[in-house]
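Geometric and topological summary
One letter stands for each residue in the lines below.
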Amino acid sequence: MTAKSAAAAARATVYGYPRQGPNRELKKAIEGYWKGRVTADALHATAAELRRSNRQQLADAGIHEVPTGDFSYYDHVLDTTVMVGAIPERHRNAVEADATDGYFAMARGNQDVAPLEMTKWFDTNYHYLVPELGPDTVFTADSAKQVGELKEALAQGLTARPVLVGPVTYLLLAKPAPGVAVDFEPLTLLDRLLPVYAEVLADLRAAGAEWVQLDEPALVQDRTPAELNAAERAYRDLGALTDRPRLLVASYFDRLGDALPILAQAPVEGLALDFTDAAAANLDALAAVGGLPGKRLVAGVVNGRNIWINDLQKSLSTLGTLLGLADRVDVAASCSLLHVPLDASAEKDVDPQILRWLAFARQKTAEVVTLAKGLAQGTDAITGELSANRADLASRASSPLTRDPAVRARAAAVTDADARRSQPYAERTAAQRAHLRLPLLPTTTIGSFPQTGELRTARADLRAGRIDTAGYEERIKAEIQEVISFQEKTGIDVLVHGEPERNDMVQYFAEQLTGYLATQHGWVQSYGTRYVRPPILAGDISRPEPMTVRWTTYAQSLSDRPVKGMLTGPVTMLAWSFVRDDQPLGATARQVALALRDEVNDLEAAGTSVIQVDEPALRETLPLRAADRDAYLAWATEAFRLSTSGVRPDTQIHTHMCYAEFGDIVQAIDDLDADVISLEAARSHMQVARELAAHGYPREAGPGVYDIHSPRVPSADEAADLLRTGLKAIPAERLWVNPDCGLKTRAWPETRASLENLVAAARTVRSELPAS
């Protein structure tokens, strides 16, 4: 096919779409089901209608080939575990008794069984359920979900392409099951897994699939020769199947590197590649391997992870270059649109001019369609769209919102000394112990307490004018009093005020910093039914006035025990926002760090002796390629230290991280120079404690003993056993006792019981320590 005919054949597609519905109907239906207020039939009916509506929206917008299988009740990797029959033994009875309840037991656990471990999906804020595999794992095909959703789309009269997690990525995401040797490599199960994929592909072909997309994002990471050989073998074998649809192998989030020639030469009919940000290097790499003659290329030129409008002219130039490299070039977003909100037009409170800079899922779909039209019919067919796009890009570039000379001057004046504590840790810790007088194995929580319905109602009433500010603040005071009283009665050593005034750990601060924009409907799935509204970091950042001092000081007035000041760190403020793309991330991080530094110093001046600056996203934002990591970690750790280094030696700085793979950033954790770090550890059975010990981490740490992402209440004995495991890696004088994460999503009854058990466990284990 010539470049001209490849352009004429260009089609628009996407890899996935937000699942929740315009008013988070899926979240409400699932949580209603968990509480017994929604029947299983009603839940499945809601889900079916959302799938139908999503597909129709895409088709009506001009998407030529809609995805299926991207919908999930909780997580698409968990769906893959079901598809290949890799149900953990402890969940089999629940799954066999009731497929829906068993599915949610794997996701959330229940009082009888622990859930699967959860961690971040590559470098996004989406969480997946980690498959548990071992040498005895037996895979069996269950294609019911994938076939059923394909048939739904075909019944609507749509051209549809099922999307599956690819077999290599699935195995690379997996971990050894409990009781399996830690050095077991799930990838050794590939030959056992491929026949199951072959069966699913045959089922999809029989159901009417012309193409099936197999997602292999794990191949954009650094991979060993053995892993690359596994990928080559997988697609050689799948490509050799006779009873299958055409195969489109997709990657995203970064450049493919050494995996590109392997996939380009594989006997599959198409590749889908990301051409945005760091993945733009795929273009030259594709040319270097001779392109994809005789194959289909799906070009991800619209950023599926951020919310800024596309530079249509630039994308058309990229697409034009790609025309000579494949038999057919189609246009797509760079990844699933799961990672952006649904519709920017719903944001009625955003300035109309600024709104024109934003593209959520529906707007990105329109951009994909426009680019496909321009590629197929020429730029004359999209003259109006190109003109409007140029004007919107120019408007943003020249806006005074984006540049504040005072902020830039302050950031430019930062010195190395500004990002260093005045004394080394060994001297600080002595001063802090004398000042705080805490026992061995001190207990604390991570920050938030349950956000009750009454609190959410109070915030809604304040926004709607049904109560005034004074009435709202009395409600907040009452909640803080209850939280402080509970912690004192329970025996917790370092208290928190519970954060009742905060809607979200990033949004709360973003709403008080210049340069940020907040949305009302910009919900994005983080995990399961947990949705967040990432603020939009649009311009230079500063802090007009203190953000947390008032409520922290009020809480401290209620107790003689130390109350932690609670802040969100600069890297997490970036990672859980939609960041500006017109300057380096490190420059933006420094601006945020300086704003937080002012807050930390004001908290200390107000009498706060323990200040926690959370950085759960430090690992999450780690570049996928090792070659890019040193530069990232340099500015990320500097930003944290810049936030926290202006305090006295006897002020104790805490940080917190959760639900990520920490082993490859232990040196960076060390470089933060925090006095205490708390980390998720309950689901991973204290793995992070062992990683810290192996590194020789010299500071205090609190690996979590209570998994807050499950409704089950851990017993005191269970928490004590985890604590004893932690003591094998971290000495008692440096070990803290805490939950994995904040308690915002939990209900009060389970929170009370779990924290009472946590304190009891600490007392038990403390009593077992040798007398000093």
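Every chain is numbered on its own, with residues counted from 1 as its sequence reads. Since the coordinates come from a predicted model, pLDDT governs what is reported: local features require at least 70, and pairs of side-chain atoms require 80 or more to be given and counted, while whole-chain, interface and lining totals use all residues. In computing side-chain properties, one takes all heavy atoms of the structure into account and sets aside hydrogens as well as water.

Our focus in this paragraph is the overall build of the chain. When helices and strands are counted, the chain shows 29 helices and 20 strands. By the compact-globule yardstick of 28 Å for 772 residues, the chain fits well, its C-alpha radius of gyration being 26 Å. Each principal axis of the C-alpha distribution contributes one length, and for the chain these read about 75 × 60 × 50 Å. Only protein chains enter the accessibility calculation, which uses a 1.4 Å probe. A residue is then buried if its area is under 20% of the maximum for its type, exposed if over 50%, and partly exposed in between. Across the 772 residues of the chain, 61% fall into the buried class. Should any heavy atoms of two residues lie within 4.5 Å, those residues are counted as being in contact. By sequence separation, contacts in the chain at least 24 residues apart represent 80% of the contacts at least 6 residues apart. Accessible surface area values rest on a Shrake-Rupley calculation with a 1.4 Å probe, where residue burial reflects the displayed protein chains alone. In the structure as shown, the chain presents an accessible area of about 28000 Å², 51% of it carried by carbon and sulfur atoms. Placing the 81 positive and 102 negative side-chain charges of the chain at their respective mean positions leaves the two points 2 Å apart. Strands here are runs of E lasting at least two residues and helices are runs of H or I lasting at least four, both read from the DSSP assignment and numbered beginning at the N terminus. C-alpha atoms define the radius of gyration in this analysis, and the globule rule sets the expected value at 2.2 Å times the number of residues to the power 0.38. When charges are counted, neither His nor the chain ends are considered; positive counts come from Lys and Arg and negative counts from Asp and Glu. Every charge is mapped to an atom, namely NZ of Lys, CZ of Arg, CG of Asp or CD of Glu.

Within a beta sheet, neighbouring strands are joined by backbone hydrogen bonds and run either parallel or antiparallel to one another. Whether two strands pair depends on DSSP finding at least two bridges between them. Here we have five strands laid out as an open sheet, ordered β16-β17-β18-β19-β20, and parallel in their pairing. Two strands lie at the open edges of the sheet, namely β16 (565-568) and β20 (700-703), each paired on one side alone. Taking the axes of each pair of neighbouring strands and ignoring which way they run, one obtains an average angle of 20° across the sheet. Note on geometry: axes are C-alpha line fits, over the in-contact stretch for helices, and angles between N-to-C directions span 0 to 180 degrees. Strands β17 (610-614) and β18 (652-657) of the sheet are contacted by helix α25 (residues 629-644), whose axis makes an angle of about 145° with β18.

Where burial is concerned, most of strand β15 (residues 536-542) is hidden: six out of the seven residues are buried. As paired strands, strand β12 (residues 514-517) and β15 are joined by three bridges and run antiparallel to one another. From the neighbouring strand, L517 faces β15, where its bridge partner is I536.

Let's shift gears to helix α16 (residues 383-398). Over its 16 residues, α16 extends 23 Å from the first C-alpha to the last, a length consistent with the 22 Å expected when each residue adds 1.5 Å. Within α16, the full set of buried residues consists of L386, N389, D392, S395 and R396. Where α16 is buried, its residues meet α13 (312-322) and α14 (352-355). One fewer than the residue count of a helix, multiplied by 1.5 Å, yields its expected span.

Position of D707 among the secondary structure elements: in the loop between β20 and α28 (716-727). Sequence separation between D707 and S754 is 47 residues; the distance between their C-alpha atoms is 9.6 Å. For this analysis, a polar contact is any N or O atom pair within 3.5 Å, provided that within protein one partner can donate a hydrogen and the other can accept it, and provided that sequence-adjacent residues contribute only side-chain to side-chain pairs. Of note is the side chain of D707, whose polar atom sits 3.1 Å from the backbone nitrogen of H709.

Looking at the secondary structure, you find H76 in helix α4 (residues 76-83). On the basis of relative accessible area, H76 is assigned to the buried category, the value being 13%. Within polar-contact distance, the side chain of H76 engages the side chain of R19 at 2.8 Å. If we skip the residues at most four places from it in the chain, H76 touches R19, W121, Y126, V165 and L338.

This paragraph deals with the packing of aromatic side chains. When the centres of two rings from Phe, Tyr and Trp lie within 6.5 Å, Trp using its six-membered ring, the rings pair. Their planes under 30 degrees apart give stacked, over 60 give edge-to-face, and anything left gives tilted. Following the criterion strictly, the structure yields 16 aromatic pairs and no others. Between F449 and F486, the ring centres sit 6.2 Å apart and the planes meet at 70°, which makes this aromatic pair edge-to-face. You can see F449 sitting in the loop between α18 (425-436) and α19 (453-464) and its partner F486 sitting in helix α20 (residues 469-490), a full 37 residues away along the chain. Residues F449 and F486 agree in their burial class; the two are buried. Measuring from centroid to centroid gives 5.5 Å for F486 and W748, while their planes differ by 85°, and the two rings are edge-to-face. Placement of the pair is F486 in helix α20 and W748 in helix α29 (residues 748-768), with a sequence separation of 262 residues. Given a relative accessible area of 8%, W748 falls into the buried group. Three or more aromatic residues joined by ring pairs form one cluster here, namely Y15, W121, F122, Y128, Y252 and F253. Each ring is checked for a lysine NZ or an arginine CZ that lies within 6 Å of its centre and within 35 degrees of its normal; such an atom marks a charge sitting over the ring. Sitting above the plane of the Y425 ring, R699 keeps its charged end 5.8 Å from the centroid.

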